[in-house]
Amino acid sequence: MSFDHAPYLPPGTPEPGRPWTAFPKFNFVGGHIDGATVPVAQMRAAMDRALARDGHDLATYYMQSGPQGYRPCREVVADKLVRYSGFPNASADDILLTSGSLQAMDLVNRLFLAPGDTVLVEASNYGGTFSKLRTLNVTMVPVAVDDGGMRMDALETSLRDLAARGVRPKYIFTIATVHNPTGTIMPLDRRHRLLSLAQAHRVPIFEDECYSDLVWANARPPALAALDDSGLVVHIGTFSKTVGPALRVGYIHAAWPVLGRLIALKTDAGSPALEQMMLAEFCPDHFDSHLRRCNSVLEGKLDALIEALDAEFGTTVSYTRPPGGIFLWVKLPDGVSARALAKAAGSVGVAVNPGPDWALTDDADGWVRLCFANPPAHTIRAGVARLAEVCHREFGTPTHGANRTR
């Protein structure tokens, strides 16, 4: 019998997970991307060049670039922020490289939050945002969203109510550009209003731009951080959704009083350098064309998903076609529980994210998030057909609805 470690673990320690076997046959969960879009040949060549030039610097922590990460990669990020996110200027000195945007989020939370603190979050949001804040025993105040992202009337009301109770939130968290899970993009006038409210109430903004490069039109409003000249906004991003999730290269852009403290909190002796070296070589010549290809492929997959939903569910489901991203936020037929559907569908190899994991609203169990980025189009169609079969069997929904055009 193996030794029982349980009595030695602190309260709140999670139960052991199950060993991983394989992805479900029809996998509509997670933030995976299309394997065919990963530019393997160009990445191999870039890695070879980077190692030939700077490989011997792997002998030292930080590779002669200091604790913020490999400087040529930080320069690539700074250039990307200017050209894609609308920053008037950005410097490698303003950037900290992290092991994905999840480490960036953990570092920001560690700097700003203590148990009992309050934060404002979009009412529908990245599920990891909710789980991390719950683990930290932080109070989340959900702010309603619409087709333009976080609603400013709702934000203003929440800020006033909290101020009246003597509560100052530690930050306002927003995914303003290609929101998760809805895919919305906050318009420019609303971005200015958000900055104005945050400044008036002296509340920092925590901006997550994880998906912001995935826009079909290849154009988007400036990031909130790009519109802010006061250092109010802490901005994070990643290469996970454009080059590859397994690379685990994210970044933080912030004013030095924040960034310098985040560097001190990042006690891992530096995120892996090989990925940073490769990206620094790959991006200057290939990132733009690679991104255009990714967006074209993703939009085609979104079309396949929508066509399949229309064919299998008809008007019993509803959605708003997003302008970018890798998810579709779908309202299920009346009377269908997302949690129950996800459990039943999972038993036949169809994985979907139930709405309550991604929204703090009363109607969340009527929604699912479908990730369309990884499966090929034919698998998307077959998976939606299987999901419709399960939905009909478990809830008695129509086997076929009237087709529609969107």
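No experiment lies behind these values; they were computed from the predicted model shown.

1. Examining the nonpolar core
Generally speaking, a soluble globular protein has its nonpolar side chains buried in company with each other.
Link 1 in the chain: Of all hydrophobic cores here, the largest spans 93 residues; its most connected members are Leu155, Phe239, Leu279 and Leu309.
Link 2 in the chain: Core analysis: the second largest hydrophobic core is formed by 32 residues, Phe112, Ile252, Ala254 and Leu262 among them.

2. A word on the pairing of strand 12 (residues 327–331)
Link 1 in the chain: Counted residue by residue, strand 12 has four buried out of five residues, so it is predominantly covered.
Link 2 in the chain: Inspection of the sheet shows strand 11 (residues 318–319) paired to strand 12 by two bridges, in the antiparallel sense. Considered in strand 12, the bridge of serine 318 is made with lysine 331.
Link 3 in the chain: Here strand 12 pairs with strand 15 (residues 367–371) via five bridges, running antiparallel. By the bridge assignment, lysine 331 is partnered in strand 15 with tryptophan 367.

3. Brief notes about the sheet that holds strand 10 (residues 250–253)
Link 1 in the chain: Sheet architecture is open: seven strands sit in the order 2-10-9-8-7-3-4, paired in mixed fashion. The sheet terminates laterally at strand 2 (95–98) and strand 4 (139–143), the two strands that pair on one side only. For this sheet, the mean angle separating the axes of adjacent strands, direction not counted, is 20 degrees.
Link 2 in the chain: In the sheet, strand 7 (residues 172–174) pairs with strand 8 (residues 205–208) via three bridges, with the strands oriented parallel. When the bridges of strand 8 are listed, phenylalanine 173 appears paired with phenylalanine 206.
Link 3 in the chain: Seen against the sheet, helix 6 (residues 188–201) touches strand 7, strand 8 and strand 9 (233–238) and runs at an angle of roughly 150 degrees to strand 8.

4. Quick look at unusual backbone geometry
Link 1 in the chain: A cis amide bond, omega 20 degrees, links asparagine 180 with the succeeding residue proline 181.
Link 2 in the chain: Mapped onto the elements of the fold, proline 181 is located in the loop between strand 7 and helix 6.
Link 3 in the chain: A positive phi angle, close to 50 degrees, is found at methionine 63, a residue other than glycine.
Link 4 in the chain: Judged by relative accessible area, which is 5%, methionine 63 ranks as buried.
Link 5 in the chain: The backbone phi angle of arginine 248 is positive, close to 55 degrees, even though this residue is not glycine.
Link 6 in the chain: Along the polypeptide, arginine 248 turns up in the loop between strand 9 and strand 10.

5. Concerning the pattern of salt bridges
Link 1 in the chain: Under the criterion given, the structure shown has 21 salt bridges.
Link 2 in the chain: Here arginine 83 makes a salt bridge to aspartate 79, at a shortest N to O gap of 2.8 Å. Taken together, the residues span about one helical turn, with arginine 83 and aspartate 79 both in helix 2 (residues 71–84) at a distance of four residues.
Link 3 in the chain: We note a salt bridge from arginine 321 to glutamate 299, for which the minimum N-O separation is 3.4 Å. Taken together, the residues span a long stretch of sequence, with arginine 321 in the loop between strand 11 and strand 12 and glutamate 299 in helix 9 (residues 273–313) at a distance of 22 residues.
Link 4 in the chain: The network of salt bridges with common partners includes Arg49, Arg53, Asp54 and Glu281.

6. Focus: a nonpolar patch on the surface
Link 1 in the chain: Residues Leu51, Leu58 and Leu274 make up a contiguous nonpolar surface patch of about 230 Å² in total accessible area.
Link 2 in the chain: Counting through the fold element by element, leucine 51 comes out in helix 1 (residues 40–54).

7. Side note on the sheet that holds strand 11
In a beta sheet, neighbouring strands pair by backbone hydrogen bonds and run either parallel or antiparallel.
Link 1 in the chain: Read across the sheet, four strands follow the order 11-12-15-14 without closing on themselves; strand pairing throughout is antiparallel. With one partner strand each, in any of the chains shown, strand 11 and strand 14 (353–354) form the two edges of the open sheet.
Link 2 in the chain: As judged from the two bridges shared by strand 14 and strand 15, these two strands associate in the antiparallel manner. Residue pairing for strand 15: proline 354 is matched across the bridge by valine 368.

8. With respect to the side chain of lysine 80
Link 1 in the chain: By secondary structure assignment, the location of lysine 80 is in helix 2.
Link 2 in the chain: Its relative accessible area of 4% is what places lysine 80 among the buried residues.
Link 3 in the chain: Sequence-distant contacts of lysine 80, defined by excluding residues within four places in its chain, comprise Ser85, Asp213, Phe239, Tyr251 and Phe287.

9. Focus: helix 9
Link 1 in the chain: Helix length check: helix 9 (41 residues) gives 47 Å between terminal C-alpha atoms against 60 Å at 1.5 Å per residue, more than 12% under.
Link 2 in the chain: Of all the bends in helix 9, the greatest reaches close to 70 degrees and is centred on cysteine 283; the proline proline 284 follows between one and four positions later.

10. A word on the pairing of strand 15
Link 1 in the chain: Within strand 15, five of the five residues are buried, which leaves it mostly tucked inside the rest of the structure.
Link 2 in the chain: Residues of strand 15 alternate between two faces, with Trp367, Arg369 and Cys371 on one and Val368 and Leu370 on the opposite face, all of them buried.

11. Some words on the side chain of arginine 369
Link 1 in the chain: Considering the arrangement of structural elements, one finds arginine 369 in strand 15.
Link 2 in the chain: No salt bridge is formed by the buried arginine 369. Its closest oppositely charged neighbour is aspartate 357, at 8.9 Å.
Link 3 in the chain: Within the structure, arginine 369 has its side chain in polar contact with the side chain of asparagine 180 (distance 3.1 Å).
Link 4 in the chain: Residues in contact with arginine 369, not counting those within four places in the same chain, are Phe28, Gly30, Asn180, Pro181, Phe327, Leu328, Trp329, Val352, Asn353 and Trp358.

12. Side note on the environment of threonine 13
Link 1 in the chain: With respect to the element layout, threonine 13 can be found in the segment before strand 1 (26–27).
Link 2 in the chain: At 2.7 Å, the side chain of threonine 13 forms a polar contact with the backbone oxygen of proline 10.

13. Focus on the packing of aromatic side chains
Link 1 in the chain: Throughout the structure, instances matching the rule amount to eleven aromatic pairs.
Link 2 in the chain: Consider the rings of phenylalanine 173 and phenylalanine 206, whose centres lie 5.1 Å apart with planes at 80 degrees: the pair is edge-to-face. Taken together, the positions of phenylalanine 173 in strand 7 and phenylalanine 206 in strand 8 put the pair 33 residues apart, joining distant regions of the chain. The same class applies to phenylalanine 173 as to phenylalanine 206, namely buried.
Link 3 in the chain: Geometrically, the ring pair formed by phenylalanine 239 and phenylalanine 287 is edge-to-face, given 6.1 Å between the ring centres and 80 degrees between the ring planes. Of this pair, phenylalanine 239 sits in the loop between strand 9 and strand 10 while phenylalanine 287 is found in helix 9, placing the two residues 48 residues apart along the sequence.

Conventions adopted
Residues numbered from 1 in each chain as written. Predicted model: local features only at pLDDT ≥ 70, side-chain atom pairs only at ≥ 80, totals over all residues. Heavy atoms only, no water. Core = buried A, V, L, I, M, F, W, Y, C linked by side-chain atoms within 4.5 Å. Buried < 20%, exposed > 50% of the residue type's maximum accessible area, 1.4 Å probe, protein only. Helix = DSSP H or I, 4+ residues; strand = E, 2+ residues; numbered from the N terminus. Pairing = 2+ DSSP bridges. Axes fitted to C-alpha atoms, helices over the stretch in contact; angles between N-to-C directions. Contact = heavy atoms within 4.5 Å. Salt bridge = Lys/Arg side-chain N within 4 Å of Asp/Glu carboxyl O. Patch = residues over 30% accessible without salt bridge, like charges linked within 9 Å, V, L, I, M, F, W, Y side chains within 5 Å. Areas by Shrake-Rupley, 256 points an atom, 1.4 Å probe, with all protein chains shown as cover. Expected span 1.5 Å × (residues − 1). Bend = angle between axes of the 7 residues up to and from the residue. Lys, Arg positive; Asp, Glu negative; His and termini not counted. Polar contact = N/O pair within 3.5 Å; in protein donor to acceptor, adjacent residues only side chain to side chain. Phe/Tyr/Trp six-rings, centres within 6.5 Å; stacked < 30°, edge-to-face > 60°.

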